[in-house]
Amino acid sequence: TMLITIIFLETTMTLSLNRLITAPIMKLKKGVEEISTGNFDFRFKMKTKDEIGLFAESFNHMSGQIKKLLLDVEREEKKKREYELALIQEQIKPHFLYNTLDIILKLSQLGQERKAQKVTRRLADYYRNSLSGGADIIPLKEELKITLDYLELQKLRYSSMFDYKIEVSKHLEETMIPKLSLQPIVENAIEHAFKNLSETGLIHIYDAKGTHDENFYKIVIADNGVGMEPEKVKKMNMMLDSALTSQENQELKSFGMKNVNHRFKLFFGDTYGINIVSNNGTEIQIKLPKEAVYDQDHDCR
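Undergrad: Sorry if this is basic, but what is going on with the packing of helix α5 (residues 140-158) against helix α6 (residues 183-192) here?
TA: Packed helices, taken two at a time, are described by their axes: the angle between them and the distance between them. Close contact between α5 and α6 brings their axes to 9 Å; oriented N to C, the two are set at 25°. On the basis of their axis angle, the class for α5 and α6 is roughly parallel. As α5 runs across α6, the sense of the crossing is right-handed. Seen from α5, the contacting residues are Glu143, Thr147, Tyr150, Leu151, Gln154 and Tyr158; seen from α6, they are Gln183, Val186, Glu187 and Ile190.

In structure tokens:
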């Protein structure tokens, strides 16, 4: 009788141990295997409040967080591509290309073949650098080359309407910046800043020395144009942070600048991007991370 009782107790304890520990651990093992294959929808269904239950609850939470992060990354990458595509579409402006080709044609007709060749090469360089390569983020020195080509082409068109000056410190040349981010700002200045200006316009691109803290640099695109009223500056800055209605955004006609600002925030974070200041002329201040590291997956940290 004693032996039967002992065997019964051992069997009961073994079954209980299997129910309380072994079976849940096997479920955990199977669940971990599911999640390791990328199935982040898997959830442990354990109602116990012991250590295994708490572990399962933590794992469910972690799995949910991983899925959310992956979706966030996917959405962010999609936004980057959408903004990049929209900006590239903005670059292929028929009137800009038509006007430049018209200049080349007139130079040829005037017998200035060498100058026409120079303009053609500048135009080819501009489109090759701005529309090819595939990289979302490039060194500042490369972005300045794209902007320089654009400025030179526009100077041919507008003759003596404006001049430009680029003064960016050598040590900032390798700072990473979204491609096609300076040129739309320069374009905006040419189109809006120098109307009704009695003197020659000036576009000045420089880094704001003395304002750098330990975390960021500031690149400034300044003009000596007509400037903007304080209320419009306020609206423009609100627009850049999507605080205006779509109708107000259309009225301000600053799609390119808003696009650029959103790309800064997507790549570097919400603390970076564009701020507009206008007194005598207008300054577009661009805040960039000081230690942005670029990897081959087109991501900056």
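Undergrad: Help me understand the sheet that holds strand β4 (residues 201-207) in this model?
TA: In any sheet, the strands associate via hydrogen bonds between backbone groups, in a parallel or an antiparallel arrangement. In spatial order, the strands read β2-β4-β5-β7-β6; together these five strands make up an open sheet with mixed pairing. Edge positions in the sheet fall to β2 (162-167) and β6 (273-279), since each has one partner strand and no second. Strand-to-strand, the axes of this sheet are offset by a mean angle of 15°, without reference to chain direction. One ladder, built from seven bridges, connects β6 with strand β7 (residues 281-289); its direction is antiparallel. Within the sheet, the bridge partner assigned to Ile276 lies in β7 and is Ile284. The strands that α5 touches are β2, β4 and β5 (216-223); relative to β2, the one it contacts most, it runs at about 165°.

Undergrad: What is the right way to look at the nonpolar core in this model?
TA: Across soluble globular proteins, nonpolar side chains have a tendency to be buried as a group. Counting 52 residues, the largest nonpolar core has Ile203, Ile205, Ile221, Ile274 and Ile286 as the members making the most contacts within it. In terms of residue count, the dominant contributor to this core is α5 (six residues). When residues no more than four places from it in sequence are discounted, the contact partners of Ile221 are Leu182, Ile185, Val186, Ile203, His204, Ile205, Thr282, Glu283, Ile284 and Ile286.

Undergrad: What's the story with the packing of aromatic side chains in this structure? I'm lost.
TA: Within a pair of aromatic rings, the relevant descriptors are the distance that separates the centres and the angle that separates the planes. Under the defined criterion, the tally for this structure stands at five aromatic pairs. Judged by centre distance (5.9 Å) and plane angle (40°), the rings of Tyr126 and Tyr150 are tilted. Here Tyr126, found in helix α4 (residues 113-131), pairs with Tyr150, found in helix α5; they are 24 residues apart in sequence, far enough to count as distant. There is no split in this pair, since Tyr126 and Tyr150 are both buried. These aromatic residues form a ring-pair network of at least three members: Tyr126, Tyr127 and Tyr150. Positioned above the aromatic ring of Phe216, the side-chain terminus of Lys287 is 4.4 Å from the ring centre. When the ring centre of Tyr272 is taken as reference, the NZ or CZ atom of Lys287 above it lies at 5.9 Å.

Undergrad: What should I look at first to understand the side chain of Asp207 in this one?
TA: Here Asp207 lies in strand β4. Residue Asp207 is classed as buried on the basis of its relative accessible area, which comes to 2%. A distance of 2.9 Å separates a polar atom in the side chain of Asp207 from the backbone nitrogen of Ser169.

Undergrad: Would you explain helix α7 (residues 230-240) in this entry?
TA: Three- or four-residue spacings in an α-helix give side chains the same orientation, since the helix completes a turn every 3.6 residues. Taken together, the buried positions of α7 are occupied by Val233, Met236, Asn237, Met239 and Leu240. Summarising the axial view, the buried residues of α7 lie within an arc of 155°, below the 170-degree limit, and thus occupy one face. With respect to the buried face of α7, the exposed residues turned more than 90 degrees away are Glu231 and Lys234.

Undergrad: So what exactly am I meant to see when it comes to the pairing of β5 here?
TA: Here is the key point about a regular strand: its side chains alternate between the two faces of the sheet. Counted residue by residue, β5 has seven buried out of eight residues, so it is predominantly covered. For β4 and β5, the ladder comprises five bridges, and the chain directions are antiparallel. Each residue of the ladder has a partner; that of Tyr206, found in β5, is Val220. Sheet analysis places β5 next to β7, joined by eight bridges and oriented antiparallel. Directly across from Ile221, in β7, lies its bridge partner Ile284.

Undergrad: Just to check I follow, could you spell out the environment of Ile137 for this structure?
TA: Within the fold, Ile137 resides in strand β1 (residues 137-139). A relative accessible area of 1% means that Ile137 is categorised as buried. For the pair formed by Ile137 and Leu180, sequence separation is 43 residues and the distance between their alpha carbons is 9.2 Å.

Undergrad: Could you clarify how one ought to interpret the confidence of the model for the protein in this entry?
TA: Summing up the model confidence of the protein, the mean pLDDT is 77 and the portion of residues at 70 or higher is 69%. Here residues 293-301 is modelled with pLDDT under 50, and outside its nearest four sequence neighbours on either side it reaches 22 contacts, counting other chains as well.

Undergrad: In this structure, what is going on with the pattern of salt bridges? I would like to understand it.
TA: Where side chains of opposite charge bring their charged atoms close, a pairing between them can arise. Tallied over the entire structure, the rule returns six salt bridges. We note a salt bridge from Asp125 to Arg128, for which the minimum N-O separation is 2.9 Å. Residue Asp125 and its partner Arg128 are located together in helix α4, separated by three residues, close to a single helical turn. The class of Arg128 is partly exposed, set by a relative accessible area of 45%. Close ionic contact of Glu173 with Lys170 constitutes a salt bridge, the shortest N to O distance being 3.9 Å.

About the criteria used
Residues numbered from 1 in each chain as written. Predicted model: local features only at pLDDT ≥ 70, side-chain atom pairs only at ≥ 80, totals over all residues. Heavy atoms only, no water. Axes fitted to C-alpha atoms, helices over the stretch in contact; angles between N-to-C directions. Helix = DSSP H or I, 4+ residues; strand = E, 2+ residues; numbered from the N terminus. Parallel < 35°, antiparallel > 145°, perpendicular 65-115°, else oblique. Left-handed = near helix turned anticlockwise from the far one by under 90°. Contact = heavy atoms within 4.5 Å. Pairing = 2+ DSSP bridges. Core = buried A, V, L, I, M, F, W, Y, C linked by side-chain atoms within 4.5 Å. Buried < 20%, exposed > 50% of the residue type's maximum accessible area, 1.4 Å probe, protein only. Phe/Tyr/Trp six-rings, centres within 6.5 Å; stacked < 30°, edge-to-face > 60°. Lys NZ or Arg CZ within 6 Å of the ring centre and 35° of its normal. Polar contact = N/O pair within 3.5 Å; in protein donor to acceptor, adjacent residues only side chain to side chain. Arc of directions from axis to C-beta. pLDDT = per-residue confidence, 0-100. Salt bridge = Lys/Arg side-chain N within 4 Å of Asp/Glu carboxyl O.

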